[in-house]
Amino acid sequence: MKIYINGKFYDKSNAKISVFDHGLLYGDGVFEGIRSYNRLVFKLKEHIDRLYESGKSIMLTIPLSKEEMIKAVVATLKENKLSDAYIRLIVTRGEGDLGLDPRKCFGKATVIIIADRIALYPEKFYKEGLKIVTVPTVRNLPEALNPQIKSLNYLNNILAKIEAVNSGCDEAIMLDSLGYVAECTGDNIFIVKGNHLYTPPQCMGTLRGITRDTVLEICRKIKIQAHEHVITRHEVYISDECFLTGTAAEIIPVVSVDGRIIGSGKPSKLTLKIMKKFKEITKKDGVRY
Ligand code: PXG
């Protein structure tokens, strides 16, 4: 495996950055998780745009133009001879001193690109569905650390993940500070009621996921009514279907929430239809390499 760091490729065992990097010391940086399917990088422009937006928000100047970043992603995929990959793109504030002050790191942002293969969940869960729980840790407040910023500081999500695992589940519903459903630790959430789909609006402490946007796009195409609307736990419990979306997990059905069986207790019609359409799109859309 070859890892890109600041314009050069290193073997995995030699791919190292400074212990003074503020990405490590403070989680001061931004990232993206991207997938490629059959030599097509899915929604690459959208991921790159979001990376630069995250960077802008935390005043982190990314030392490459968007075009150069796209070339670096493609070069990493070619270097690793991967046709289906999960790409982790990381930009840290760079090396500084032991103080918080990012001015001490100016001009030294670190760019890292890792391309690997991952399957987030075993195939069984895509066929049978996931069991998830609501956890006590609320999603970061948009006024504090806006979930739109895909920062390297994921402790909020990791705490929720630990709570899910402690309850015997692999994923958690995180609520916002008002008690509405925000999202999961690494995925957006959708519910189905009747012929309608609902997902929380991005202002509710929810990342505007690129897979989420793709599902909304699919719904427009196949004429399913999809709404960005606040969702309560009650509405999740009484929904007909529920599924999660994310680049790593893709689309995964949910069949139980807080011990309540969702709908028939099996991945059902609209979820399966959207999973199928999603697969079709990933096969033909994207930046070829
Ligand atoms: N919400 C959060 C909090 C995320 O981190 C998504 C939604 C889905 O967004 P996209 O754009 O990928 O559809 C994410 C991204 C993991 C893991 O191990 C998951 C993500 C990122 C890093 C790790 O579960 N998902």
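Residues numbered from 1 in each chain as written. Predicted model: local features only at pLDDT ≥ 70, side-chain atom pairs only at ≥ 80, totals over all residues. Heavy atoms only, no water.

**Remarks on the overall build of the chain**
Check the secondary structure of the chain and you find 8 helices and 16 strands. Here the C-alpha radius of gyration of the chain, 19 Å, is about what a compact globule of 289 residues would show, namely 19 Å. With the C-alpha coordinates aligned to their principal axes, the bounding extent of the chain is approximately 55 × 40 × 30 Å. Looking at the chain residue by residue over its 289 residues, the buried ones come to 51%. In the chain, of all internal contacts separated by at least 6 residues, the share reaching a separation of at least 24 is 71%. Just so you have it, the chain exposes about 14,200 Å², and 55% of that area is on carbon and sulfur atoms. Here the chain carries 43 positive and 34 negative side-chain charges, and the mean point of each set is 5 Å from the other. (Helix = DSSP H or I, 4+ residues; strand = E, 2+ residues; numbered from the N terminus. Rg over C-alpha atoms; globule rule 2.2 N^0.38 Å. Buried < 20%, exposed > 50% of the residue type's maximum accessible area, 1.4 Å probe, protein only. Contact = heavy atoms within 4.5 Å. Areas by Shrake-Rupley, 256 points an atom, 1.4 Å probe, with all protein chains shown as cover. Lys, Arg positive; Asp, Glu negative; His and termini not counted. Charge placed at Lys NZ, Arg CZ, Asp CG, Glu CD.)

**Concerning the state of the cysteines**
On inspection of all chains with the given rule, the structure shows 0 disulfides. The cysteine C203 is free of any disulfide, with C184 supplying the nearest cysteine sulfur at 17 Å. Under the relative-accessibility criterion, C203 is labelled exposed at 55%. Between C219, a cysteine without a disulfide, and C242, which holds the nearest cysteine sulfur, the sulfur-to-sulfur distance is 14 Å. (Disulfide = S-S within 2.5 Å.)

**What to know about the sheet that holds strand β1 (residues 2–5)**
Across the sheet, 7 strands lie side by side as β2-β1-β6-β5-β3-β4-β16; this open sheet has antiparallel pairing. Every interior strand has two partners, whereas the edge strands, β2 (8–11) and β16 (287–288), have only one. In the sheet, strand β3 (residues 29–37) pairs with strand β4 (residues 40–41) via 2 bridges, with the strands oriented antiparallel. Following the sheet pairing, S36 is matched in β4 by V41. (Pairing = 2+ DSSP bridges.)

**Remarks on helix α6 (residues 210–221)**
For α6, with 12 residues, the first-to-last C-alpha span of 16 Å sits near the 16 Å given by 1.5 Å per residue. Turning to α6, its buried residues are I210, T211, R212, T214, V215, L216, I218 and C219. Note on α6: the residue one or two positions beyond its end, K223, has a positive phi of about 60°. (Expected span 1.5 Å × (residues − 1).)

**Some points on the site of the ligand**
Every one of the 20 residues lining the ligand counts as a neighbour, but Y154, E183, I210, T211 and T247 are closest to it. Y154 is positioned such that a nitrogen or oxygen atom in its side chain is 2.4 Å from an oxygen atom of the ligand. Contacts to the ligand include E183, whose side-chain N or O atom sits 2.6 Å from a nitrogen atom. Across the complex, the protein chains shield 89% of the 550 Å² of accessible surface that the ligand would expose by itself. More than half of the atoms of the ligand fall within 2 Å of the grid points belonging to the largest pocket. Only α6 and β13 (241–246) provide two or more residues apiece to the shell around the ligand. Grouping the amino acids of the shell around the ligand by side-chain chemistry returns 5 nonpolar, 9 polar and 6 charged. (Near = heavy atom within 4 Å. Polar contact = N/O pair within 3.5 Å; in protein donor to acceptor, adjacent residues only side chain to side chain. 1 Å grid on protein atoms, 1.4 Å probe; cavity = no way out; pocket = protein on both sides within 12 Å on 5 of 7 lines; lining within 4 Å. Sits in = over half its atoms within 2 Å of the grid points. Nonpolar A, V, L, I, M, F, W, Y, C, P; charged D, E, K, R; others polar.)

None of this, on its own, says anything about what the molecule does.
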